[in-house]
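# Chains, contacts and geometry: an overview
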Amino acid sequence: MRILLVEDDRMIGVDLSEALRTDGHSVDWVTDGLAAELALQATRFDLALLDLGLPRKAGREVLRALRHRDDATPVIVITARDALEDRVEGLDLGADDYLVKPFELAELKARMRAVARRHAGRARPRLSNGTLTVDPATREVWVEGREVTLSAKEYAVLYALLERPGAILSRRQIEERVYGWNEEVESNAVDVLIHYLRRKLGAGAIKNVRGAGWMVPKSGA
Ligand code: CA
């Protein structure tokens, strides 16, 4: 997932971004509300983790503005404030979930998966098109029941494609999903990742749609 982390506490920010990157997510980290707002306007994120107490612009104002322009980017509010009114206000302003600091990483990850499921309109925890299956909780991947091992970037590409089997993702869309702002992206990086994925998953697992991008076939197709 491409994640925007909005957190002004350096220690939490470093810990969280490292932990999420280790899981293969691409994480862009900003430390104030204004930067968060600019980032959300410029880039499509799969998830924002939003602290409420922020310099320059309060988290609640960032959230309010986001929903005001009908941006449905999933948001999990992470904050030290545990007052009931803050939780209720956060949810009513359009947060998808709420986590009070300090929290366990395992709980945050489980909530991230749940939010991603709801956002995609899925009830089942696993992504599958019948041939390929991904378990976001364990990051295991199977091809017709056979488990395969993918690198973090390969996993990120497959996850993005398998979220909507049959839908084409362009090179640009895949790059946005897989790489953060500070990462150098070679012009053929996506082709290389697709090449390795096909070697591991089978040549027909990912289809190239000439001039448009790539897709995984719908189940039964
Ligand atoms: Ca804060």
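Everything below is about the structure printed above this text.
Bear in mind that the values here come from a model prediction, so they are computed numbers and not experimental data.

### Focus: unusual backbone geometry
Geometrically, the link from K101 to P102 is a cis peptide bond, its omega value of -5° lying close to zero. Notably, R56 is not glycine yet its phi reads approximately 70°, a positive angle. Inspection of the secondary structure assignment puts R56 in the loop between β3 (47-50) and α3 (59-68). One non-glycine residue, D70, lies in positive phi territory at about 65°. For D70, the position within the fold is in the loop between α3 and β4 (75-79).

### Looking at the environment of E154
Here E154 lies in helix α6 (residues 152-163). Taking the relative accessible area as the measure of exposure, E154 reaches 6% and is therefore buried. Sequence spacing of E154 and R111 is 43 residues, and the spatial spacing of their C-alpha atoms is 23 Å. When residues no more than four places from it in sequence are discounted, the contact partners of E154 are L193, Y196, L197 and K200. A polar side-chain atom of E154 sits 2.7 Å from a polar atom in the side chain of K200.

### Some points on the pattern of salt bridges
Counting across every chain of the model gives 20 salt bridges. D46 is paired through a salt bridge with R177; the nearest N and O atoms lie 2.8 Å apart. You can see D46 sitting in the loop between α2 (33-42) and β3 and its partner R177 sitting in helix α7 (residues 171-178), a full 131 residues away along the chain. One exposure class covers both D46 and R177, and it is buried. The network of salt bridges with common partners includes R44, D46, E163 and R177.

Cut-offs used in this document
Residues numbered from 1 in each chain as written. Predicted model: local features only at pLDDT ≥ 70, side-chain atom pairs only at ≥ 80, totals over all residues. Heavy atoms only, no water. Helix = DSSP H or I, 4+ residues; strand = E, 2+ residues; numbered from the N terminus. Buried < 20%, exposed > 50% of the residue type's maximum accessible area, 1.4 Å probe, protein only. Contact = heavy atoms within 4.5 Å. Polar contact = N/O pair within 3.5 Å; in protein donor to acceptor, adjacent residues only side chain to side chain. Salt bridge = Lys/Arg side-chain N within 4 Å of Asp/Glu carboxyl O.

Interpretation in functional terms is not warranted from these geometric data alone.
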